[in-house]
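Reading the structure
Each chain, letter by letter, is given below.
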Amino acid sequence: MKADEVLIAHHDVLRGLLGQLRETTDGQLDRRRHLRAEFLREVEVHTQIEDEIFYPAVSEVSPLLSVAHAEHRQIDDQLATVMRTPVDDPEFLVEVRMLEATLRHHAAEEEAEMFPQAHTLGEDRLEELGQQLQDRQAELARSGAMRWMVRLKHTVLRLV
Ligand SMILES: [Fe+2]
Ligand SMILES: [Fe+2]
């Protein structure tokens, strides 16, 4: 798979998880906690593989990098708010919707603007990057360090 195909498939996972989370009812608090934790795990992996591999690779051909980095920070901030808000708080779904809007905007911008720019790197390079992204994604998904980091984030954010 080419890099953009790998990332779009992962965007679909992220959009799907937030959509499912948004549709939960007040009677589904465990499901809310579960989907929130799942989204945290996936979005951490996603931003990390982009920051580490994809963004540096496209920095020559895309003028959108600084905007994209700023949007990653915004997603991180909004996610921190969602993590801090109790799942039975009336504001919980309001915060989820705001995070979802930012994520959808960011992903759409990458798909419509940055990924077409990345194609100027050539198909071979995109295949090579796609493989690197998938390898790193799999590595992070099973890495103890990542799980530790996510757990730490859970703990820290809840204490704030
Ligand atoms: Fe991104
Ligand atoms: Fe992305």
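As annotated in an unreviewed UniProt entry, the protein chain is Hemerythrin domain-containing protein from Klenkia sesuvii.

What follows concerns the nonpolar core. Counting residues in each nonpolar core, the largest one holds 21 residues, and the members touching the most others are Phe54, Met114 and Leu133. At seven residues, helix H2 (residues 29-58) tops the list of elements feeding residues into this core. Each residue touching Phe54, except ones within four places of it in the same chain, is listed here: Ala3, Leu7, Ile49, Met114, Phe115, Ala118 and Leu133. Core analysis: the second largest hydrophobic core is formed by 19 residues, Leu40, Ile75, Phe92 and Leu93 among them.

Bringing the coordination of the iron ion (ligand 1) into the picture now. Looking at the iron ion (ligand 1), the protein donor atoms are Glu50 (OE), Tyr55 (OH), His72 (NE2), His106 (NE2) and Glu110 (OE), and they sit 2.0 to 2.4 Å from it. Of note, the iron ion (ligand 1) draws all its donor residues from one chain, in the sequence arrangement E-x4-Y-x16-H-x33-H-x3-E. The metal-metal distance between the iron ion (ligand 1) and the iron ion (ligand 2) is 3.2 Å, with Glu50 serving as a donor to both. You can see His72 sitting in helix H3 (residues 65-84) and its partner Glu110 sitting in helix H4 (residues 92-118), a full 38 residues away along the chain.

Throughout the structure, instances matching the rule amount to 13 salt bridges. Here Arg22 and Glu100 are joined by a salt bridge, their closest N and O atoms 2.5 Å apart. Taken as a pair, Arg22 in helix H1 (residues 3-22) and Glu100 in helix H4 lie far apart in primary sequence, 78 residues in all. Residue classification places Arg22 among the partly exposed positions, given a relative accessible area of 25%. Connected through shared salt-bridge partners, Arg22, Glu23, Glu100 and Arg104 make up one network.

What counts as what
- Residues numbered from 1 in each chain as written.
- Chains lettered and ligands numbered in written order.
- Predicted model: local features only at pLDDT ≥ 70, side-chain atom pairs only at ≥ 80, totals over all residues.
- Heavy atoms only, no water.
- Core = buried A, V, L, I, M, F, W, Y, C linked by side-chain atoms within 4.5 Å.
- Buried < 20%, exposed > 50% of the residue type's maximum accessible area, 1.4 Å probe, protein only.
- Helix = DSSP H or I, 4+ residues; strand = E, 2+ residues; numbered from the N terminus.
- Contact = heavy atoms within 4.5 Å.
- Donors = N, O, S within 2.8 Å, 3.2 Å for Na, K, Ca; no water.
- Salt bridge = Lys/Arg side-chain N within 4 Å of Asp/Glu carboxyl O.

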